[in-house]
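Here's the letter readout for the chains.
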Amino acid sequence: MDVRRMDVRRMDVRRMDVRRMDVRRMDVRRMDSKASPVRLSPVRLSSVRLSSVRLSSVRLSPSDSRPSESRPSDSRSSDAHPSDAHPSDPSLSLLDLSVLHLPHRLEYKKPSIIKGRRHGNALARPVVWESTFDPELLDAIFKPQNLTIAATVFAVGKYIQFLKDFLETSERFFFVGYNVHIYIFTDRPNEVPKVQTAPGRKVSVRVVPSSKRWQEISARRMEMVHGLLQDIRSFTHFIFCLDVDSKYYLDPRSRFPYERRPESRAYMAPSDGDFYYCGGAFGGSLTKVLEMTQVCSKNYRDDEKDGIEAAWQEESHLNRDDEKDGIEAAWQEESHLNRYFWENKPSKVLSPEYLWQDFKS
Ligand SMILES: CC(=O)N[C@H]1[C@@H](OP(=O)(O)OP(=O)(O)OC[C@H]2O[C@@H](n3ccc(=O)[nH]c3=O)[C@H](O)[C@@H]2O)O[C@H](CO)[C@H](O)[C@@H]1O
Ligand SMILES: [Mn+2]
């Protein structure tokens, strides 16, 4: 999937709002699940941080999901452990105190994400960002409490192919050191990959009906998750319900999508780089931007003139369009921009809040 082909909108931070855009109307949907070199830049993709790692996701067209005669009541459970119950644990009752109910039809100003980061927003609820918490401190407080964390993940139809990555990266990043129980809902129990789990962690499978409509698969998760929660409520403290087409990652800079071919003037060695800067929002004083655009455009043109295309054409990391003419840096001007900012550090770096991937609007 090429995220560049998706619509990235410029967001005015003063009027920032969660946008709802149906990604299903985009080309991405028609992507063949077999041919899926996913190029997601770490900065570009909206991400969720759980336990200090990013969870990024891709989606497939679930067109080959099979209809099924079976009904929801076919769901089988193989995972209840009532003997583990510790209902008197104080953290269970504490959770209820955190619920705020909105008085009927009260109108109020939209909470600010910007102010909320430092001062608490209109809801007196923090917006959780990296650096607004200290993972070591949280672990020191929560680990001794012997908490049980559950996660649900649906892998129906061909989405089963995502499960291996999901499970393997969960094992490495998702609440490491806690009791973790992952509940897989699938119509293909025989295809669930075997993944080695550390002590205290387990995975179990619940069989659910197939469906040919992805809308139904996605929507019926609420009902099935609800059913599961009834079974596990007495011995589970927290639950996270996750898309299976996700995986956790902590990318080293050697894996940033910089230009990696030494022939290019945008080349970045594996040990180079600070951040991956996206090309969709930059600015500054006129003279600085003038310098920058001059260097980048000259380097781009000189690369082109050098006719290194023969060598480049063989590069496997080129996307299809690049292969055709073989003259562009991996990510065109963005690659040159990244090289430039490696040598000439920008005076300010904007967070991904300033240019967010819009999946929905
Ligand atoms: C990252 C994110 O915000 N994802 C949400 C977005 O979905 P996405 O656009 O990410 O949709 P999606 O195709 O990932 O479907 C959601 C999930 O349903 C499951 N699935 C779907 C199709 C299928 O054939 N088999 C299967 O198992 C699977 O776990 C998948 O991860 O909008 C959906 C609305 O319906 C859900 O709210 C998703 O949670
Ligand atoms: Mn998804």
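Scoring rules and cut-offs
Residues numbered from 1 in each chain as written. Chains lettered and ligands numbered in written order. Predicted model: local features only at pLDDT ≥ 70, side-chain atom pairs only at ≥ 80, totals over all residues. Heavy atoms only, no water. UniProt positions renumbered as here; feature names shortened; annotations may be inferred. Helix = DSSP H or I, 4+ residues; strand = E, 2+ residues; numbered from the N terminus. Buried < 20%, exposed > 50% of the residue type's maximum accessible area, 1.4 Å probe, protein only. Polar contact = N/O pair within 3.5 Å; in protein donor to acceptor, adjacent residues only side chain to side chain. Expected span 1.5 Å × (residues − 1). Patch = residues over 30% accessible without salt bridge, like charges linked within 9 Å, V, L, I, M, F, W, Y side chains within 5 Å. Areas by Shrake-Rupley, 256 points an atom, 1.4 Å probe, with all protein chains shown as cover. Salt bridge = Lys/Arg side-chain N within 4 Å of Asp/Glu carboxyl O. Donors = N, O, S within 2.8 Å, 3.2 Å for Na, K, Ca; no water. Core = buried A, V, L, I, M, F, W, Y, C linked by side-chain atoms within 4.5 Å.

The annotation that UniProt attaches to the chain under Subcellular location (unreviewed entry) is "Membrane". What UniProt states about the chain under its Sequence similarities (unreviewed entry) heading is, verbatim, "Belongs to the glycosyltransferase 6 family."

Peer 1: What exactly am I supposed to notice about the UniProt feature "active site" (unreviewed entry) in the chain here?
Peer 2: As recorded in UniProt, the feature "active site" (unreviewed entry) lies at Glu334. Positionally, Glu334 belongs in helix H10 (residues 332-343). Its relative accessible area of 2% is what places Glu334 among the buried residues. Of the polar contacts made by the side chain of Glu334, one reaches the side chain of Tyr276; its length is 2.4 Å.

Peer 1: What is the right way to look at H10 in this model?
Peer 2: Helical geometry: 3.6 residues make up each α-helical turn, so side chains three or four residues apart lie on a common side. Here H10 contains 12 residues, and its C-alpha end-to-end distance of 18 Å stays within 8% of the 16 Å for a straight helix at 1.5 Å per residue. Of the residues making up H10, those classed as buried are Gln332, Glu334, Ser335, His336, Leu337, Asn338, Tyr340 and Phe341.

Peer 1: Would you take a moment to explain a nonpolar patch on the surface for this structure?
Peer 2: A contiguous nonpolar surface patch, about 340 Å² in accessible area, is contributed by Leu137, Leu138, Ile141 and Phe142. Take Ile141: it is sitting in helix H3 (residues 135-142). Ile141 sits in the partly exposed class, given a relative accessible area of 44%.

Peer 1: What am I meant to see in the coordination of the manganese ion (ligand 2) here?
Peer 2: By definition of the ideal shapes, a tetrahedral metal site with four donors has angles of 109.5 degrees and an octahedral site with six donors has angles of 90 or 180 degrees. At the metal site, the manganese ion (ligand 2) is ligated by Asp243 (OD), Asp245 (OD) and Asp245 (OD), and these contacts range over 2.1 to 2.5 Å. By relative accessible area, Asp243 is classed as partly exposed at 35%. A relative accessible area of 7% places Asp245 in the buried class.

Peer 1: Help me out: how do you make sense of unusual backbone geometry in this one?
Peer 2: Keep in mind that most residues, glycine aside, have a negative phi and that most peptide bonds are trans. Despite not being glycine, Asn146 has its phi angle at roughly 55°, a positive value. The residue Asn146 is located in the loop between H3 and strand E3 (148-155) in this model. We note that Phe175 has phi near 45°; this positive angle belongs to a residue other than glycine. Mapped onto the elements of the fold, Phe175 is located in the loop between helix H4 (163-173) and strand E4 (179-186).

Peer 1: In this structure, what is going on with the nonpolar core? I would like to understand it.
Peer 2: Generally speaking, soluble globular proteins have nonpolar side chains that are buried together. In this structure, Leu163, Phe174 and Val244 are the most contacted members of the largest nonpolar core, which totals 22 residues. Broken down by secondary-structure element, the contributors of at least two residues to this core are E3, H4 and E4. Residues Tyr183, Phe185, Val225 and Leu228 belong to the second largest nonpolar core, which totals 12 residues.

Peer 1: What is the right way to look at the side chain of Asp303 in this model?
Peer 2: Considering the arrangement of structural elements, one finds Asp303 in helix H7 (residues 286-305). On the basis of relative accessible area, Asp303 is assigned to the buried category, the value being 2%. At 2.7 Å, the side chain of Asp303 forms a polar contact with the side chain of Ser264. One polar contact links Asp303 to Arg265, side chain to side chain, over a distance of 2.9 Å.

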